[in-house]
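Remarks on the overall topology
Here's the letter readout for the chains.
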Amino acid sequence: MAGRSADDDDRSGTVVTPSAEFPPLDPAEVDALRRVGAQWRTGVPPALPVDPTLDRYRSRPAPGRFSRLAPIALFRPEPGDRDGRDGLVAAEPANRPDSRLARRLGRFRRAVLGPPLTSAAVLHERMRKLVALPVLSSDLLSSVAYGPEALLTVLVLAGSGALGLALPLSAGLVLLMVTVGISYRQTIPAYPHGAGSYLVAGDNLGVGAGLTAAAGLMLDYVLTVSVSIAAGLHAITSALPGLTPFAVPLGVLVILLLLAGNLRGVRTAGNIFVLPTYAFVVAVLGLLVVGYLRAAGRGFTPVAPPVVPATEGLGLLLVLRAFASGAVSMTGIEAVSNAVPAFRPTEWRNARTTLAWMVAMLVVLFAGLTLLIHLTGLVPRPGETLLSQLARVTFPTGPWYAAVQVTTALILLLAANTAFNDFPRLLFFMARAGHAPRRFLHLGDRLAFGNGLVALSGTAIVVFVAFGGHTEKLIPLYAVGVFLAFTLSQSGMVVHWRRHRDAGWRRRALVNGVGAVLSGLVLLTAAVAKFTEGAWVVVVAVPLLVLLFHRIHRHYRNLHAALALRPPPTGGEPGARPPSMAGGPGAGPPPAGPEHGPGPVEGEELPQELRHLVVVPVVRLNRASMRALAYAVSLGRPTLAVHLAPEDAEADRFREQWRAWGDHVRLETIVSPYRAVIGPLAHYLAALHAAAPELVLTVVVPTVVLRRPWHHLLHSRTEQRLRRALRALPGVVVTSIPIHVPE
């Protein structure tokens, strides 16, 4: 396929996998890993006191009171790898929580979302064309319910005489739909691993252009949810005006229901949307057939619209605003190119076929409704949608009006599912490149991007509530983001064809170039003409989002640089012990030099580079502190005990108790006359670290494990507070020694 590289073929259809959270090491890091391993000096490792394969015990251990996750049945062996070593596979019960409350919440979650799916089921969760068409086209097809009305709402501002411009403007929109649709048909085989505008623009126009397209798409997806829900509720309140005061809470409820449906997985969510989408298409086609038969009975003579006084003059700016408003009917046309990996093999071929059907259905429905509205002489009016008026006129009696309204409301409410399908996937690709939080790489137990779905739902709820669920207030924000992505994507494809110059590249570049020009004109028109109506929000939000993406990427780049494996200096034989470590625990710091100089703090990669000091804070001498001291000394490293006393008398008394114990560990007492504990201890440890920065301080803290949540109110959280205080101090490790208290 023209424009495809070997890398594309390797990643085609398989890029969205549960393993994306665990990227492999690059060749340089693998080489560094080998060199690090060659210099490890640990001697002969002792035999393990327990069989890690859990397969050699004849009498298998039973779960104890504090170890309910111990049964061997939670794991099963897997075939040995190339080294002949056995591995374990965690069975489904191993994921179950231990606490009673968590188990109850888990059962409720399973009842709502379904049982977990294994990673191997990811291929079976993909969609066939008959399911993908309603899932990915619900946004695009549902927009015909408000797209023609958005166009006429602007034209009617110049009076009823300006409504005649609806037909030529609609013809221009149809041309734009076909051009952009053909352009995206070319994009799918060229980029079969999905990501649409974000990947195409970034690959051909640079990272900044890709992030700009991603920002526009993200805003478009959020507004898709808000506008679809608002339009669906408007269709309901047009038939049932009594529900108007409850529009906002009903919209929030619908968003939450969509979230629950999509958390159940792609296939389950797809089955939910099949019937409503096809029912809407059938209902609108029936409306068109009956409407045109009625128009044919009067010789296709248009009915004169009611006289509407002009509130604005008819000018170029108003016409451009009307065209940009009608262009919202194209939102969702990019959904297929973003979701190519969600199709069954062959992914790109099935995706391209689905897109062709989507565009054809959009053109038929949009052009048919616009012309029929013109022939019927209808104008927008508050309180009832234009599609509702058309259905009332076409079906004055019988149940057909109700059928049209019900299917329209359903598809508008469910049209938000296109965003629920594509928004998390876009975040996945961005997170894989380091421009979004890595938590968006995670596939939940139903193989759905739960974090992305929750982020979309929360943002859409905020936008929906902020604008009161009014469609007319949300529409001006709508076109800018999506046509920004269209323009950058099509411009990127022109560069793509010029770069590869395969057979027929000029024709393909011309198609994408026309799409880029037309999309750019709509983008410029929408941004300028609707700036004061709310488009300024998107104009301001896009650069802010791009800045945020860059900051996230810088953080991950710095993190990778700090954590990347570096080959250690090669000085002497791999088994030789550095002179700095030859003297044992009490030896001085390593000599400076290009080979044995102290590395950066927390940069040790070899066991022989570490020098330890174990510190045990002791409040009082009891079994908890004795266990912590015993654990510390068993490590075979220099150990120091620290006791904080509120006054000198208590410090003297504790030293006497320490001598009675036998003074087995060096003790340092600190008098804290202001009775603070965490602050003086943290500053003392910081001073120790400053005095010998090459040391690794291991702080061993006994921690009481409480069985009841309300028991936490009876104890101070010393260990957690100490962890927070020492978090910013490099070279310090806090280790907890759990002390379990029976009920």
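This section reports on the structure supplied with the text. (Residues numbered from 1 in each chain as written. Predicted model: local features only at pLDDT ≥ 70, side-chain atom pairs only at ≥ 80, totals over all residues. Heavy atoms only, no water.)

**Some details on the overall build of the protein chain**
Scanning the protein chain for helices and strands turns up 24 helices and seven strands. Counting only residues that meet the buried cut, the protein chain has 47% of its 743 residues in that class. Taking contacts inside the protein chain between residues at least 6 apart in sequence as the whole, the part at least 24 apart equals 79%. Carbon and sulfur atoms provide 63% of the accessible area of the protein chain, an area that totals close to 36200 Å². (Helix = DSSP H or I, 4+ residues; strand = E, 2+ residues; numbered from the N terminus. Buried < 20%, exposed > 50% of the residue type's maximum accessible area, 1.4 Å probe, protein only. Contact = heavy atoms within 4.5 Å. Areas by Shrake-Rupley, 256 points an atom, 1.4 Å probe, with all protein chains shown as cover.)

**Describing the sheet that holds strand β7 (residues 732-740)**
In space, the five strands of this open sheet follow the order β5-β4-β3-β6-β7, with parallel pairing throughout. Strand pairing shows two members of the sheet lacking a second neighbour, β5 (666-671) and β7, which therefore form its edges. Adjacent strand axes in the sheet meet at a mean angle of 25°, parallel and antiparallel pairs treated alike. Examined bridge by bridge, strand β3 (residues 611-617) and strand β4 (residues 639-645) share four bridges and lie parallel to one another. Looking at β4, one finds that V614 is bridged to T639. Of the strands in this sheet, β3, β4, β6 (695-705) and β7 are in contact with helix α21 (residues 623-634), which crosses β7 at around 135°. In this fold helix α23 (residues 678-691) packs onto β3, β4, β5 and β6, with an angle of close to 145° to the strand it touches most, β4. (Pairing = 2+ DSSP bridges. Axes fitted to C-alpha atoms, helices over the stretch in contact; angles between N-to-C directions.)

**Digging into a nonpolar patch on the surface**
Taken together, the side chains of L240, L243, F246, L250, L253 and L257 present a nonpolar region at the surface, about 540 Å² in accessible area. Structurally, L243 is set in the loop between α8 (207-239) and α9 (247-263). A relative accessible area of 31% places L243 in the partly exposed class. (Patch = residues over 30% accessible without salt bridge, like charges linked within 9 Å, V, L, I, M, F, W, Y side chains within 5 Å. Salt bridge = Lys/Arg side-chain N within 4 Å of Asp/Glu carboxyl O.)

**What to know about the pattern of salt bridges**
Pairing between side chains of opposite charge can happen when their charged atoms approach one another. Following the criterion strictly, the structure yields six salt bridges and no others. Where R611 meets E694, a salt bridge forms, and the shortest distance between an N and an O atom there is 3.0 Å. One end of the pair, R611, is in strand β3; the other, E694, is in the loop between α23 and β6, with 83 residues separating them in the sequence. Overlapping salt bridges bring together R381, E384 and R392 as one network.

**Notes on the environment of L545**
Counting through the fold element by element, L545 comes out in helix α20 (residues 531-563). Sequence separation between L545 and A215 is 330 residues, and the spatial gap between their C-alpha atoms is 6.0 Å. When neighbours within four sequence positions are excluded, L545 is seen to be in contact with A215 and L219.

**Quick word on α20**
Counted at 1.5 Å a residue, the expected span for α20 with its 33 residues is 48 Å, and the 45 Å between its end C-alpha atoms agrees. Among all positions in α20, only G534, A535, V538, A541, V542, V546, F549, I552 and Y556 are buried. Taken together, the buried residues of α20 touch α8, α16 (417-432), α18 (471-500) and α19 (505-529). (Expected span 1.5 Å × (residues − 1).)

**Focus on the packing of α19 against α20**
One can describe the packing of α19 onto α20 by two numbers: an axis separation of 7 Å at closest approach and a directional angle of 115°. Of the residues in α20, those touching α19 at A526, A527, V528 and A529 are F531, E533, A535 and V539.

**Thoughts on the environment of F654**
With respect to the helices and strands, F654 occurs in helix α22 (residues 648-661). Taking C-alpha positions, F654 is 7.9 Å from R620, a pair spaced 34 residues apart along the chain. Sequence-distant contacts of F654, that is, excluding residues within four places in its chain, are made with V618, V619, R620, L621, H643 and L667.

All quantities given are derived from atomic positions and should not be read as evidence of function.
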